[in-house]
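# Examining the three-dimensional arrangement
Okay, here's what each chain looks like letter by letter:
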Amino acid sequence: MAVLTGSRPAPTKGSRLGPNVVLTAAGVYFLVPILCALAFTFGFGDPRQTPSLDAYTAIFTTEGLAGSLGLTLLLAAATILLVFGLLLPALLAVRLAVPRAKAVVAVVCMLPLVVPAVALGAGITTVLRWGTDWLYDTPGFPVLAALQQPDFPLILVLAHTLMALPLAYVTLESGLNAIDLKVLVEAARSCRASWPRALFLVILPNLREALLNTAFLTIALVLGEYAVSALLGFQPFAVWTVAISGAHAQLSVAVSMVGLIGTWLILLAVAKLGRSKAFKESH
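The shown structure was predicted, so the numbers you read here are calculated from the model rather than taken from an experiment. (Residues numbered from 1 in each chain as written. Predicted model: local features only at pLDDT ≥ 70, side-chain atom pairs only at ≥ 80, totals over all residues. Heavy atoms only, no water.)

### Quick notes on the pattern of salt bridges
- For the structure on display, the rule yields two salt bridges.
- Across the salt bridge formed by arginine 95 and glutamate 173, the nearest N and O atoms sit 2.7 Å from each other. Linking arginine 95 in helix H3 (residues 65–96) with glutamate 173 in helix H7 (residues 154–177), this pair joins segments that are 78 residues apart in sequence.
- For arginine 95, a relative accessible area of 22% gives the class partly exposed.
- You can call glutamate 173 buried: its relative accessible area is 9%. (Salt bridge = Lys/Arg side-chain N within 4 Å of Asp/Glu carboxyl O. Helix = DSSP H or I, 4+ residues; strand = E, 2+ residues; numbered from the N terminus. Buried < 20%, exposed > 50% of the residue type's maximum accessible area, 1.4 Å probe, protein only.)

Following this line, the structure appears as structure tokens:
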């Protein structure tokens, strides 16, 4: 009879083979298109063209890039503020006062997942057209016009906020699950801290990593969102990139690659910032 021991059996070669194959296949799936896109931007594989960095150097002199990128960053900042302004009070109220409303908040935040971006854009377009016809010569018409200002279209902020709610909800909910919110609030209140002071000096510092991740995901969503912006007739960064692809294909792909690398760098910076803060607090 074999003797049973508490030691775990050593992993066999076959048990490690499966995960390695999956990771290798996933790496090839993601890296090959990126490498092909990079080769295209440099001009490799085209006998009529000498490989060069012209596509990347032209980025800084291309008309419309600064305006579209600046608009996108403004939209991202406004979307982040609106997401935090809507979601944080709701999640804190659910945790501290009305826990029975948690399911309702979760359903409302996840609802945008079942609405495609094209359907959302088409619905907003229909509502705006209806509003133009029915609100003309009424006090509501200037409000409708203000929502569609080309310099800063607030209607896109509202649309992006809806699209970002599922990601923001999951991220912030994970952050709240990692702390004992009631204990922190009771400790702050017992020290005679006001509610704003407890929020900004106790709760938000403990949610730093979740807030950074939410902000990063929102920026990535706004940078890559195309369908709603194109249907509404605005030209942020993603729409501008597609618009120039017909006449400047290499430049369009080069801009996309720079945006992708920039997004990765932001992600690494957020992850490093979160780890460094956690390391300092643990020591």
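### Quick word on the environment of alanine 106
- Topologically, alanine 106 is positioned in helix H4 (residues 102–110).
- The sequence separation of alanine 106 and glutamate 173 amounts to 67 residues, and the corresponding C-alpha distance is 9.7 Å.

### Overview of a nonpolar patch on the surface
- Where nonpolar side chains cluster on the molecular surface, the patch consists of Leu111, Leu113, Val114 and Val115 and spans about 400 Å² of accessible area.
- Note on placement: leucine 113 falls in the loop between H4 and helix H5 (117–134). (Patch = residues over 30% accessible without salt bridge, like charges linked within 9 Å, V, L, I, M, F, W, Y side chains within 5 Å. Areas by Shrake-Rupley, 256 points an atom, 1.4 Å probe, with all protein chains shown as cover.)

### Comments concerning the environment of leucine 128
- Mapping leucine 128 onto the fold places it in helix H5.
- Here leucine 128 falls in the buried class, since its relative accessible area comes to 9%.
- In this structure the C-alpha to C-alpha distance between leucine 128 and leucine 232, which are 104 residues apart in sequence, comes to 9.4 Å.
- Once residues lying within four places of it in the same chain are set aside, the contact partners of leucine 128 are Leu144, Gln148, Ile155 and Leu232. (Contact = heavy atoms within 4.5 Å.)

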